[in-house]
Every structure is written in structure tokens, then in C-alpha cells.
Amino acid sequence: GNKQFPSDDEDVDDAAIKAVMIEKMLTCLNHLSTEEQELITALFFKSKSEHQVSREASIPQRTIHDRKIKILAKLKKLMEK
């Protein structure tokens, strides 16, 4: 059936939107400090847990968590521009 066409279009749109969002996010990541970039990279691109990152960096997990929240808020602001 013809039913698959609208959903195919949606998938293409979603993929395009996602690509634009990722590109925008990567641009915004460049505005972060090296330390902030490294944390986001570890947590989101290398899929490390806060616990792993805190162990490797010898920083309390709470600190890692607080930093993550702060960085994500900063990223969100940058992306809204």
C-alpha cells in the first residue's frame, strides 16, 4: 500500500531535523571549554557513566553530575540562539 509513503517522508524529515540538530549541537560544543567538551564527549559520545568518569578523573561523582547539568544548561542556551 500507499500508506508507507507518508511515514517514509516523516522518517526523512526526522533524519534531516536530527542531522541539523546534531550539527548545531556540535557547533555549540565548540563554545565550551576543553574540560566541558571532554566531559560531554565521555558521557554522551563514549557512553561512559558518571561513575566511570568520576573514577578516572578522581573527582566525586556528585561534582561530575553537577558539571554535566551545568554544561547541558549552557548548551541548551547556546542552541536556542
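So, here's what we can say about the structure. (Residues numbered from 1 in each chain as written. Predicted model: local features only at pLDDT ≥ 70, side-chain atom pairs only at ≥ 80, totals over all residues. Heavy atoms only, no water.)

The helix and strand inventory of the protein chain stands at four helices and zero strands. Secondary structure elements of the protein chain, listed N to C terminal, follow the sequence α-α-α-α. Relative to its 81 residues, the protein chain shows a buried fraction of 21%. Pairs at least 24 apart in sequence give 53% of the contacts found in the protein chain among residues at least 6 apart. Carbon together with sulfur atoms contributes 56% to the accessible area of the protein chain, which is approximately 6300 Å² in total. (Helix = DSSP H or I, 4+ residues; strand = E, 2+ residues; numbered from the N terminus. Buried < 20%, exposed > 50% of the residue type's maximum accessible area, 1.4 Å probe, protein only. Contact = heavy atoms within 4.5 Å. Areas by Shrake-Rupley, 256 points an atom, 1.4 Å probe, with all protein chains shown as cover.)

This part takes up the pattern of salt bridges. Summed over the entire model, instances satisfying the criterion amount to five salt bridges. Note that arginine 62 and aspartate 66 form a salt bridge whose closest N and O atoms lie 3.2 Å from each other. Separated by four residues within a single helix, arginine 62 and aspartate 66 lie in helix α4 (residues 61-80), roughly one turn from each other. Residue arginine 62 is classed as exposed on the basis of its relative accessible area, which comes to 58%. Glutamate 80 serves as the salt-bridge partner of lysine 76, at 4.0 Å between the closest nitrogen and oxygen. Taken together, the residues lysine 76 and glutamate 80, both in helix α4 and four residues apart, mark about one turn of the helix. A relative accessible area of 55% places lysine 76 in the exposed class. (Salt bridge = Lys/Arg side-chain N within 4 Å of Asp/Glu carboxyl O.)

Along the polypeptide, lysine 77 turns up in helix α4. Among the residues examined, lysine 77 registers a relative accessible area of 64% and is labelled exposed. Along the chain, lysine 77 and cysteine 28 lie 49 residues apart, while their C-alpha atoms are 9.4 Å from each other.

Interaxial distance between helix α3 (residues 50-57) and α4 falls to 8 Å at its minimum, and their mutual angle equals 115 degrees. In this structure, α3 meets α4 at a crossing whose hand is right-handed. Contact residues: Glu50, His51, Val53 and Ser54 in α3; Gln61, Ile64, His65 and Lys68 in α4. Residues belonging to the contact of α3 with α4 are distributed by class as follows: two nonpolar, four polar and two charged. (Axes fitted to C-alpha atoms, helices over the stretch in contact; angles between N-to-C directions. Left-handed = near helix turned anticlockwise from the far one by under 90°. Nonpolar A, V, L, I, M, F, W, Y, C, P; charged D, E, K, R; others polar.)

On to the side chain of lysine 68, then. For lysine 68, the position within the fold is in helix α4. Using a relative accessible area of 17% as the deciding quantity, one classes lysine 68 as buried.

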